[in-house]
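# Overview (structure and organization)
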Amino acid sequence: LFRENSALANKISEEISKLAPRVVKKLGLDKIKIMNFCGSHEWTTTHYGLRALMPLEVELIPGPGCPVCVTPSSDIENVIKLAMEGYRVYTFGDVFKLPTVKHYKSGEIGSLAAAKASGADVRIVYSFADAIEEAKKDGKPSVFFGIGFETTAPSYAVLFTKEKVPENLLFYSSLKLTAPAAEYAVQLHKEAKRTPVSGVIGPGHVSTIIGAISWDFFPKKYGIPAVVAGFEPIDILTGVLVILNNLYRGKAEFTNLEYRRVATYKGNIFALENIKVAFNVVDTIWRGIGNIPKSGLTLSEKFKKYDAKTQLGIKEKPWDYDLPPGCKCNEVTLGLAYPTDCPLFMKACTPARPWGPCMVSMEGACAVWARFGSYE
Ligand code: SF4
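Moving on, we come to the pairing of strand S11 (residues 290-299). Of all 10 residues in S11, seven are buried; the element is thus mostly enclosed. Here strand S6 (residues 169-176) pairs with S11 via two bridges, running antiparallel. Counterpart to lysine 176 in the pairing with S11 is glycine 296. Taken together, the seven bridges between strand S10 (residues 279-286) and S11 define a ladder with antiparallel strand orientation. Along S11, the bridge assignment pairs phenylalanine 279 with leucine 299. The loop that links S10 with its antiparallel partner S11 comprises three residues; one of these, glycine 288, has a positive phi angle of about 75°.

Here it is, written out as structure tokens:
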């Protein structure tokens, strides 16, 4: 699509280049910092070299939108422990290699992959539905490690509300909500007396569920424009131009312009209703960052009999710094550093041997930069 639309892409980037110096001058900033929330936006930005199309006045920074990157080490450690105690653990493939911090501190088993290599019954599945099918067949006590954002939550929720989950399958929730983390990141840039974030590109996939209007709080509360964008390079370029236009006109508006093809203002009502029945909103820990209020989902009272933490007496401990030594994943996920600012990038930490969590999944900024970035 990018190649087919190269003339359009060039036109948009010319407009961005014309507008950016005027916006910078008008706002009296050294640059216009625009945060994308979503790991897939970072993928598009890096894969298609969109940063190279930006004028010096515009900086595109990654945000915390990679669920694998922000799953706390304590959750992985708890699930590894269950696996070593004899529970069958179901997990998604990209969680399998996720390293714990305990491994670096005391040499304990450092990932679900290592637990499997030590004899634990850890199985990779494509979906919660697949885990349900398999758990039903043999009745073995099992735990599903449920990570993800609002995009994944409905696929769990609907199976609980439709009563498809067998009693021998517990659910370990590490589910996270996107808007509180995006707000946390934007606030941090403001408070840290850095160049503030001047605009936000909201996640397209998540917006299909929670509704594009969920990002309206950025203009209303923080006075900065927000757009919902799709995942084609043209989508992101258009989003940047819309934000610059807003800033130049002295407006802070919310725009769902070109991703109306998928994300409606209200979102997916069926999915939202199912999430509401199956889950409660709780405070939760984001890896390397700590506790963010009302940013997680736990099973509701109605489905507590499936909740692994409740049923197995797993107590949530206060957050302890949980990144491997030297890893700057917290700074990368909050847009305070680029992967190349980490001294371990493509040295001790590579996609084949990830040292930190942002190098594991293809939604992690470090993994994306390692594969597609020009960093040499
Ligand atoms: Fe962490 Fe590796 Fe990224 Fe460095 S390169 S921030 S160690 S994930």
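Read on for the rest.
Read from one edge of the open sheet, six strands run S4-S3-S5-S6-S11-S10, paired in mixed fashion. Only two strands of the sheet have a single partner each, and these edge strands are strand S4 (122-124) and S10. Strand-to-strand, the axes of this sheet are offset by a mean angle of 25°, without reference to chain direction. On top of the sheet, helix H9 (residues 153-161) reaches strand S5 (142-148), S6, S10 and S11; it is set at about 145° to S6, its chief contact.

Let's shift gears to the packing of aromatic side chains. Counting across every chain of the model gives 27 aromatic pairs. Taking the centre distance of 6.2 Å and the plane angle of 90° together, the rings of phenylalanine 231 and tyrosine 259 count as edge-to-face. Remark: tyrosine 259 occurs in the loop between strand S9 (254-255) and helix H14 (269-278) and phenylalanine 231 occurs in the loop between strand S8 (226-228) and helix H13 (233-248); sequence separation between them is 28 residues. Ring geometry for tyrosine 338 and tryptophan 369: centres 5.2 Å apart, planes at 25°, overall stacked. In this pair, tyrosine 338 is assigned in the loop between helix H16 (329-333) and helix H17 (365-372) and tryptophan 369 in helix H17, connecting sequence segments 31 residues apart. No difference in accessibility class separates tyrosine 338 from tryptophan 369, as the two residues are buried. An aromatic cluster is present here, built from Phe92, Phe128, Phe144, Tyr156, Phe160, Phe171, Phe279, Phe303 and Tyr306 joined pairwise through their rings. The ring of tyrosine 248 carries the charged tip of arginine 22 above its face, separated from the ring centre by 5.8 Å. Over the face of the ring belonging to tyrosine 248 we find lysine 26, whose NZ or CZ atom lies 5.2 Å from the ring centre.

Definitions and limits used
- Residues numbered from 1 in each chain as written.
- Predicted model: local features only at pLDDT ≥ 70, side-chain atom pairs only at ≥ 80, totals over all residues.
- Heavy atoms only, no water.
- Buried < 20%, exposed > 50% of the residue type's maximum accessible area, 1.4 Å probe, protein only.
- Helix = DSSP H or I, 4+ residues; strand = E, 2+ residues; numbered from the N terminus.
- Pairing = 2+ DSSP bridges.
- Axes fitted to C-alpha atoms, helices over the stretch in contact; angles between N-to-C directions.
- Contact = heavy atoms within 4.5 Å.
- Phe/Tyr/Trp six-rings, centres within 6.5 Å; stacked < 30°, edge-to-face > 60°.
- Lys NZ or Arg CZ within 6 Å of the ring centre and 35° of its normal.

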